[in-house]
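# An overview of the molecular structure
Listed below, chain by chain, are the residues.
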Amino acid sequence: MTTETNPLLDFSGLPRFDQIRPEHVTPAVDALLADARRAIETIATNPATPTWNTVVEPLAESLDRLDRAWGAVRHLNAVVNTPELRDAHNANLPKVVAFHTDLGQDLRVYDKYRALRAQPAFATLDAARKRLVDNELRDFKLSGAELDDAGKARFKAVQEALADLSTQFEEHLLDATNAWAHYVDDAAALAGVPDDVLAEARAAAQADGRAGYKLTLRMPSFLPVIQYAHDRDLRRLVHEAYSTRASDLSAHPEWDNAPLVGQILELRREAAQLLGYGNYAQVSLVPKMAQNPDEVIAFLRDLARRAKPFAERDFAGLADFARDELGLAELMPWDVAYVAEQLKAKRYAYNEQDVRQYFPEDQVLAGLFRVVETIYGVRIREGRAAVWHPSVRFFRIHDRNDALVGEFYFDLYAREGKQGGAWMDDAINRRSVRGGIQHPVAYLTCNLSAPVGGKPATFTHDEVITIFHEFGHGLHQLLTRVDVAGVSGIQGVEWDAVELPSQFMENFCWEWDVLRHMTRHVDTGAPLPRELFDKMLAAKNFLSGMGTVRQLEMGLFDMLLHDQFDPAGTAPWPTPGALLAAVREEVAVVPRAPYDRFMESFAHVFAGGYAAGYYSYKWAEVLSADAFSLFEEEGVLSPAAGARFRDEVLARGGSRPALESFVAFRGRPPQLDALLRHNGMVATE
Ligand SMILES: [Zn+2]
């Protein structure tokens, strides 16, 4: 197949999403893998002295094409999943993984990089190119390049098995989420649930040819029910269904993820030991900002020690309120979100659904773009491009002189066949190409409520924060000025620093001068009243202690699981579940439901890239809060501070260590103070 007949092989511009079909995947992947293997052969067998132009450049060129085509397939599989596409994706995934494993272990290419590094000419390369070569050498070692043949073969088999297990984990979770539905005939049974949610539930039932209301486990249905439904039995029903997804307790035990967790942990440990490390956590931290597992564990425990008293106070307040005002003698896990909303409404006299009426989609996006345009000196305009679903929007970012900087897709709404959550992914990475610059392109994906009944989509404040968060990742990818593939945009950025630009953006959602411009009541057109904002601000740190220890619980579980848990032994914990219970004993304040199967849906760690890396959210929050404190000092929309953040952090991408970028921007190393202050956790002892 050629470019003419296979749109996945067309690299002349943006992906041709209107034409890509599942039957294009295999021929495209096969052709690109063959091309890439040929390029590697040419590089590996070239007798001339290795140079940047004979080794790095041609390899980057063929990997870029493979990444772009496979990236489009991966993206479609995540956002418009169909059985045919899933089959095509799964049939090709092992080949792509095997290719990367082979390349990572190709001693001939490794030797070319080592020779390149050893030459006097290496000293003349710019910092970004030097960094890329050093990263490549590190990654070759971590890919098993220094193993003997038997070790290499085993290492490769382990990587392939892990990729397969991760895919299964994700599929089980997606299938279990989609398989569950609960139909309610009578609106009275849904008392408390907001009208918009009821309208959507009614439309969903109608789509199934039924009367009444359809509840699902997808976020826009599950969350409002668990937060607002007065019916305690209904809350327990959806809580149990949600908490037991992909577990032995679900209606489909064939999708139980627990056995996969055991296999994943054993294989990760084996891979680490093949590379000469004690465990997977040590390997995971080699390319990260944190130095070793002990540093991370100490960091998490230090924060937990400071946060737990605030969390205990939060929980006691909830339990008192539930008992005194709601007649709930014992606060159960399925009550916590509901009681929290009730107490919040009483204490701060507003709820998220009221606030939501002030955040119609267009106003929010215009407000977001205004922030970005003001502080970074860019222009964002909607454009046209082929998309994978009619609700997807496309935008271009231009510099002051109107030069194109980058492009992005916004896919905002939840729908069937779309993986849950919110994320940014790179579609095209910035790099220099013959005749100029290849501009970066990003996918920004959320699972927000779609417009219903002819009204524009409206977002809760939390959802607005999610959009800002993902957009921060997008800016990291799009505002880069690095021209070297592999260290431009988010490529090559240490995992535990990746959340710096995204969490940084969230801060703007708490600034009145920013927020008021993105509000317009969907019915009356009125802007958000200042007094409502003041209540939101007062409520901001409501239960922040509980929220913090929940994150620390997940981070500590993840790190201990990959550092100290022995998948082959029984001590100090016989099972991952026993470790989770021990971590909860140490850190958590909310009792767990007897049926809780959180681990089986912890996709970040078992299906995503966050294994021995979940701590990075909190780690980066320290960085982001401290970075934002400069804007607090100089003015929140300060173009001068913005220019510095763009120049020293966003534009640099992975071309230098994150700590160096941070210090260049802030003028000193990161400090904890701003995070604790932003979370209202300033000790008064
Ligand atoms: Zn993020």
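Residues numbered from 1 in each chain as written. Predicted model: local features only at pLDDT ≥ 70, side-chain atom pairs only at ≥ 80, totals over all residues. Heavy atoms only, no water.

## So, helix α15 (residues 361–376)
Rule in force here: Note on conventions: DSSP H or I runs of at least 4 residues are helices, E runs of at least 2 residues are strands, and numbering of each starts at the N terminus. A helix is expected to span 1.5 Å for every residue after the first. Type-normalised accessible area, obtained with a 1.4 Å probe on protein chains alone, sets the label of each residue: buried when under 20%, exposed when over 50%, and partly exposed for intermediate values.
In a regular helix each residue adds 1.5 Å, so 16 residues correspond to 22 Å; α15 covers 22 Å between its end C-alpha atoms and thus fits that length. Most of α15 is tucked away: twelve of the 16 residues are buried. If you check which residues of α15 are buried, you get Glu361, Gln363, Val364, Leu365, Gly367, Leu368, Phe369, Val371, Val372, Glu373, Ile375 and Tyr376. The first or second residue beyond α15 is glycine 377, which carries a positive phi of 65°.

## Quick look at the packing of helix α23 (residues 616–634) against helix α25 (residues 658–666)
Helix packing geometry: the angle between the two helix axes and the distance between the axes. Spelled out, the test is: All axes here are fitted lines through C-alpha atoms, helices being fitted over the stretch that makes contact, and every angle between N-to-C directions spans 0 to 180 degrees. Any angle that falls under 35 degrees is termed roughly parallel, while one over 145 is termed roughly antiparallel, one within 65 to 115 roughly perpendicular, and all others oblique. Crossings are sorted by hand: turned counterclockwise from the far helix by less than a right angle, the near helix makes the crossing left-handed, and turned clockwise it makes it right-handed. Residues count as neighbours in contact if any of their non-hydrogen atoms are within 4.5 Å of one another.
At a closest axis distance of 11 Å, the pairing of α23 and α25 adopts a crossing angle of 15°. Between α23 and α25, the interaxial angle falls into the category roughly parallel. The two elements α23 and α25 cross, and the hand of that crossing is left-handed. Across the interface between the two elements, Leu623, Asp626, Ala627, Ser629, Leu630, Phe631 and Glu633 from α23 touch Phe662, Phe665 and Arg666 from α25.

## Some points on the coordination of the zinc ion
Basically, it comes down to this: Metal donors: N, O and S atoms at distances within 2.8 Å, or within 3.2 Å for Na, K and Ca, with water omitted from the atom set so that some sites may seem incomplete. Only two sets of limits are used to name each site, 85 to 135 degrees for every angle of a tetrahedral four-donor site, and over 155 degrees for opposite donors with all other angles from 65 to 115 for a square planar four-donor or octahedral six-donor site, with any other site named irregular.
Coordination of the zinc ion by the protein involves His469 (NE2), His473 (NE2), Glu499 (OE) and Glu499 (OE), with metal-donor separations of 2.1 to 2.7 Å. For the zinc ion, the four donor atoms are set out with angles of 52 to 140° between them, so the coordination reads as irregular. Each donor residue of the zinc ion belongs to the same chain, and together they define the spacing H-x3-H-x25-E. With histidine 473 in helix α16 (residues 461–478) and glutamate 499 in the loop between α16 and α17 (500–506), the pair connects residues that are 26 residues apart, well separated along the chain. Each member of the pair, histidine 473 as well as glutamate 499, is classed as buried.

## Details of the nonpolar core
The test is simple: Put simply, buried Ala, Val, Leu, Ile, Met, Phe, Trp, Tyr and Cys residues joined by side-chain atoms within 4.5 Å make one nonpolar core.
With 151 residues, the main nonpolar core has Leu318, Tyr376, Phe408, Phe410, Phe471, Phe508 and Phe606 as its most contacted residues. A per-element tally of this core places helix α12 (residues 293–326) first, with 13 residues. In this structure, Val97, Val133, Val441 and Val484 belong to the second largest nonpolar core, which totals 59 residues.

## Comments concerning the side chain of serine 391
Rule in force here: Any N or O atom pair separated by 3.5 Å or less is treated as a polar contact, with the protein-specific requirement of one donor-capable and one acceptor-capable atom, and with residues adjacent in sequence counted only for side-chain atom pairs.
Along the polypeptide, serine 391 turns up in the loop between β3 (378–383) and β4 (393–399). In terms of polar contacts, serine 391 uses its side chain to reach the side chain of histidine 389, at 2.8 Å. When residues no more than four places from it in sequence are discounted, the contact partners of serine 391 are Phe410, Asp411, Tyr413 and Arg415.

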